[in-house]
Amino acid sequence: MAEIGFILNGSPVRVSVTSPTQTLLDWLRTERGLTGTKEGCNEGDCGACTVMVTDADGTRVLNACLLFLPQIHGRAVRTVEGLTGPAGEMHPLQQAMIAHHASQCGFCTPGFVMSLAAAQINGRTDHDDLLAGNLCRCTGYAPIIRAAEAVAGTPAPDWVKDAPAECGPAPFAPTSADELAAWYESHPDAVLIAGATDVGLWVTKHLRDLPEVAFLHACRDLQRIEAVPEGFRIGAGVTIAALRAAMAGPHPAFAGLLRRFASEQVRAAATLGGNIANGSPIGDAAPALIAMGARLGLRKGDVRREIALEDFFLDYGRQDRAKGEFVAWVTLPAEAPGLACYKLSKRFDQDISAVCGCFNMTLEGSIITSARIAFGGMAGVPKRARAVEAALEGRPFTREVIEAAVPALAVDFTPIDDMRASARYRLEAAGNMLVRYLLERTGAKVDVLEVTP
Amino acid sequence: MSVALPLPHDSARLHVTGAARYVDDLALPANTLHLAFGLSTVAHGEILSMDLSAVRASKGVVAVWTARDLPFANDVSPSAHDEPLLATDRVHYVGQPVFLVAAESHLAARRAARKGRIAYRELPAILTVDAALAADSRFEGGPVIWSRGDAEAAIAAAPHVIEGRLDIGGQEHFYLEGQAALALPAEGGVVVHASSQHPTEIQHKVAEAIGLPMNAVRVEMRRMGGGFGGKESQGNALAVACALMARAFGRPAKMRYDRDDDMVITGKRHDFRIEYRAGVDTEGRILGIAFRQFARCGWSQDLSLPVCDRAMLHADNAYHLAHIRIESHRLRTNTQSATAFRGFGGPQGMLGIERVMDHVAHALGLDPLAVRRSNFYAERPDPCGAGVAADAAAGAAAETAVSRPRTMDPPRRATARVTENGAPGPQTTPYHQPVEDFILHALTARLEQTSDFHARREAIADWNARQPVLKRGIALTPVKFGISFTLTHLNQAGALVHVYQDGSIHLNHGGTEMGQGLHRKVAQVAAAAFGVEVDAVAISATDTGKVPNTSATAASSGSDLNGMAVKAACDTIRARMAEHLAAEHQTVAADVRFEAGRVFVGGAEMSFAEAAARCHQGRVSLSSTGFYATPKLSWDRKAGRGRPFYYFAYGAAVSEVVIDTLTGENRILRADILHDCGRSLNPAIDIGQIEGGYVQGAGWLTMEELVWDRTGRLRTHAPSTYKIPACSDRPRIFNVALWDGANREETIYRSKAVGEPPLMLGISVFSALAAACAACGPHFPDLRAPATPEAVLAAVNRARGGKRDRERRQA
């Protein structure tokens, strides 16, 4: 039993936490009677449980269904009930939603309202991106966007602006990498929880009882992005949202891929370290990083080591990580001008890749002097296409050479049939991505997202 | 007048503030039980033994029941009594409820439900159309066949024969609010709160399950967080389970499905295979056509028969098919029992004929729109038929509508039928219903103009010629959708209206609110009847204790039926008030007017509140029921003959898309829609239905894909794997307009139903994608639905004549 403190809709609260994996959503609905925050899917895909969370890094939206109570210690949480002004007045966004007929069944509506209210605070108007994690089945989204555009550019009301709480140290949460390393070495069977966007599902869907847990959000030194001689050193605790912002300049193709990484709510919680450490064959960060030649830093106690990222993924569900060792950082080059990242999924936004192909070729004149190519979704792990690379390196960058290299994909990969795509399609599309890479670098229009009517 | 105003949803303020309450939001007594089902893990099997000791021992468990513990009927079927609440000796799909857990918390119930140890003797599972046909596993014995004319002879004599087959995927409803129910023990019975489109059926099934008459069960339904047909019958199991536990333990009982459970347990839209063979002339006119429709209905009958009927009833869509044969196979498979979903089979039937139009145009090298036009039903020769003439104002409006700029090619009228007395009569559908209200010639002509269809199609062809990788496509497809329940007796509704002595009005009707704005529209009808502002009218939860024996809110019928029933009740009260006030003022009731919140009685005038108070003092009853039954219907479903529909709702959409020929990725770029809501009761709400229906229909035919594995497990059982359209999937340019015309039938204020028809506007997306695929090569792309990137890439390859051909050409 531990106590946490935070600010809820402007008022400080303290809560005795009996289970560190009780979700904020359950607590809001069952213990506080704040039923405006809805459970739509309980796995972070629908956004009906979206709440606003403010801490030292600013205001963001998160899925309350994948947020464990200890994670909100010291932060400010605002739910839809907290959007109403002190005199009972509606938030201008709520008025706009009514005026534009933006609710039908109303169940998703509080989540949309929260996403848009946070966007207003942050001065953001990239509505398609920031609403990708809010599903609506009734309206077709058009009236919601009309409402969003009606308030775009207006200032947020003062009453929705929160500041983080001073509540002392968080329970279950080491405050530095050193502290974490020491604790984890002596508790090697514990589960480390960074954003909880994956581990959350172990609890909400698999109904697992977790052993000891440690939350990583208080390790501020794991959340740094530093310039180093090799390029950048990204702390494992850097969120996908922060990484996306940092990569927009040096690695626009990578940042573009991260735009399609899950949703606003998930990117604000999920970390780079978590995305790598869970070893998923379809995590989107790994193929891009492997194509860039990134290296992975691991730490156990005081022992640190750095390996090529692709070497971390041994086999499906198995990584090169010792008990008590954790993913600590990623080093990647300062530039990779030849990088292109192609994510293929049934839906553009907030979907899991059927195939994620990342290509990084260096040309001298017309000759391919180096090719680093990695795929997600094509094997049990994110994996380099070494046979394809070999078929390309030292040869001219032409259609003939590219097409001649395509069959090597079948040497590198034996993909599977599943609900996302057939093996045959995966292989064919992966080969076509190589062609796309060539066409794109030689100036053809290849992206449906860039076509306007 | 309140009717026709674009007023917001009556709960809009509650929605945006989070104050709108759904079943899961109701405050619970502390002793509430929480329920969960233990589910079958095999698709077909005999239950050999059940070891539920670990379930019983699980923390917080109060009771664990199997079928043997049920005191009365073990049946939650809406139709054929073939759907037990809990499996008896056999299981029929992966996800079938086998046992029921009651526990102290939702989480405790879910945890316990996973601890059952059930031994099965597995039996062969029938999962596909082919397997079902091979095993002759079907409902209704054999196929249902309707025919008109002589399709075989007409096809044989035709200059061209086009044949093909289209596989059409199903669709998960993905209502944002999952299934939920709560039962509260009451004196002599039970009160049930259920997220249901059909409270009367819940009442009926609960009463049977707890062995009491229907008068012991009251069902209350304030709102659903979306229904789309998925809460027409699929909520029965939860409500019955809750009522059973409430009865057994005298404690409130609540059940809500976790999203994954919801998707695994409940039925979805039927997937179909449609085979077609059409004989056509050189202009693409269909001379004869034969359809074979195969539907995977799942393990129990549920609503599959009327769904498959409606697929047959929409095999013509907007086209006059003189010689036609439709064969419908309702296949029983070991999967979730497919159920109602917006359109109720109509979309599948309609997609079949729209595919034929595209195929004919491709095969003959004709403009697909011209082929569609040349097959349209003839416009009614006499647009001012008896129905419209009865309402002079509406009739005038209808004339305005049809006199709008006409088509580039004049509508084809030559084939209009000649009646016995020599006057030209309307053409008839394959099921012999006269099409008296056809407006699609004018409607599509107008849409072609407003969407700049022809110029854009040319520009797209030019663009495609210059693009090596990306191809665009554009298509216009029409919708003609039949309005009425095809089970004729369901076309009835009741209402209960009270006028209080302060002039405020309260009403109930049999319809349920699932987001479609029904209560708002009905309140507008009531406000119009009394000449008051709509805010003077309150509508509370749908309640079987207020209005009995209601039909499901389904078949787009909500406003048509309940609006009329409410109007009847209001008219009764208003007539009583007018009579009394007239007598008080020595005038006649005909001289009493209710307008703008005032009542004018001869020369006198008073507020509506004062009028109500005077009537109360005059001992006039200010409460009335109202009732409505749709006229003109007569339908023999066995023969496939009659008038199943009161009228048709029309619409058309132009969609423009782009595809990536390397990956099959695709995008809707623009949509232009012109839709017929008759004289709209509320244009804002109707446009909302159209926008939402279009995107939902587009989702069905593009990214929404249900995948079962070889053991019958649904692999797409969560939003992580089943993708409904997200915000960025809506068309960037999205123009929606309402056709300006009145319903020629005497519906409520001459409006038309709008719930389902717009879903089928999404077919234009599929047709546009097929057009984009066709731009890749000379062959027919034969696109399957849903048009996922994988399906589009396969179609691109087919258009090019297969990968090998392409490589040969490049070499």
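Residues numbered from 1 in each chain as written. Chains lettered and ligands numbered in written order. Predicted model: local features only at pLDDT ≥ 70, side-chain atom pairs only at ≥ 80, totals over all residues. Heavy atoms only, no water.

Asker: Would you take a moment to explain the overall build of chain A for this structure?
Answerer: Helices and strands together make up the secondary structure of chain A, namely 17 helices and 18 strands. Taking 453 residues into account, the globule formula puts the C-alpha radius of gyration at 22 Å, and chain A, at 23 Å, falls close to it. Projected onto the principal axes, the alpha-carbon positions of chain A cover approximately 70 × 60 × 40 Å. When contacts within chain A are restricted to residue pairs at least 6 apart in sequence, those whose partners lie at least 24 apart make up 64%. In the structure as shown, chain A presents an accessible area of about 15,700 Å², 51% of it carried by carbon and sulfur atoms. The averaged location of the 51 negative side-chain charges in chain A is 2 Å from the averaged location of its 43 positive side-chain charges. (Helix = DSSP H or I, 4+ residues; strand = E, 2+ residues; numbered from the N terminus. Rg over C-alpha atoms; globule rule 2.2 N^0.38 Å. Contact = heavy atoms within 4.5 Å. Areas by Shrake-Rupley, 256 points an atom, 1.4 Å probe, with all protein chains shown as cover. Lys, Arg positive; Asp, Glu negative; His and termini not counted. Charge placed at Lys NZ, Arg CZ, Asp CG, Glu CD.)

Asker: I'm lost on the interface of chain A and chain B in this one. Help?
Answerer: When the parts of a complex come together, some accessible area is lost, and that lost area is often used as the size of the interface. Facing the 81 residues of chain A at the interface are 90 residues of chain B. Of the roughly 7,000 Å² buried between chain A and chain B on both sides combined, carbon and sulfur atoms contribute 57%. The largest contributions to the chain A side of the interface with chain B come from A:Arg137, A:Leu207 and A:Lys346, which together make up 13% of the buried area. Notably, a salt bridge pairs B:Glu704 with A:Arg137, separated by 2.6 Å at the nearest N-O pair. Only helix H2 (92-99), helix H3 (109-121), helix H5 (142-151), strand E15 (339-344), helix H15 (399-405) and helix H17 (423-441) of chain A provide two or more residues apiece to the side of chain A that touches chain B. Top contributing element to the side of chain A that touches chain B by residue count: H17(A), with seven residues. For the side of chain A that touches chain B, a count of residues per class yields 36 nonpolar, 20 polar and 25 charged. (Buried area = accessible area lost by both parts, 1.4 Å probe. Salt bridge = Lys/Arg side-chain N within 4 Å of Asp/Glu carboxyl O. Nonpolar A, V, L, I, M, F, W, Y, C, P; charged D, E, K, R; others polar.)

Asker: It is not clear to me how the packing of aromatic side chains should be interpreted in this structure. Could you clarify?
Answerer: Remark: the centre distance and the inter-plane angle together describe each pair of aromatic rings, the angle taken between the planes. The full count for this structure, using the stated rule, is 26 aromatic pairs over all chains. Consider the rings of B:Tyr377 and B:Phe438, whose centres lie 5.7 Å apart with planes at 65°: the pair is edge-to-face. Of this pair, B:Tyr377 sits in the loop between helix H11 (368-375) and helix H12 (386-389) while B:Phe438 is found in the loop between strand E17 (424-425) and helix H14 (440-450), placing the two residues 61 residues apart along the sequence. With a relative accessible area of 2%, B:Phe438 lands in the buried category. Joined through ring pairs, the aromatic side chains of B:Trp146, B:Tyr319, B:Phe376, B:Tyr377, B:Tyr431, B:Phe438, B:Trp635, B:Phe645, B:Phe648 and B:Tyr650 make up one cluster. Residue placement shows A:Arg441 over the ring face of A:Phe397; its charged tip is 5.6 Å from the ring centre. (Phe/Tyr/Trp six-rings, centres within 6.5 Å; stacked < 30°, edge-to-face > 60°. Buried < 20%, exposed > 50% of the residue type's maximum accessible area, 1.4 Å probe, protein only. Lys NZ or Arg CZ within 6 Å of the ring centre and 35° of its normal.)

Asker: Looking at this structure, I do not really get the sheet that holds strand E19 (residues 492-499) of chain B. What am I missing?
Answerer: The strands making up a sheet associate through hydrogen bonds between their backbones, and the pairing can be parallel or antiparallel. Residue and element names in this part refer to chain B. One open sheet holds the four strands; their spatial order is E21-E20-E19-E26, and the pairing between them is mixed. Each end of this open sheet is capped by a strand with a single partner; those strands are strand E21 (537-539) and strand E26 (623-629). Mean inter-strand twist for the sheet, computed between neighbouring axes without regard to direction, equals 25°. Of the pairings in the sheet, the one linking E19 to strand E20 (residues 505-509) comprises five bridges and is antiparallel in character. Opposite Ala495, over in E20, you have His509 as the bridge partner. The strands touched by helix H17 (residues 558-584) are E19, E20 and E26; relative to E26, the strand with the most contacts, the crossing angle is about 140°. (Pairing = 2+ DSSP bridges. Axes fitted to C-alpha atoms, helices over the stretch in contact; angles between N-to-C directions.)

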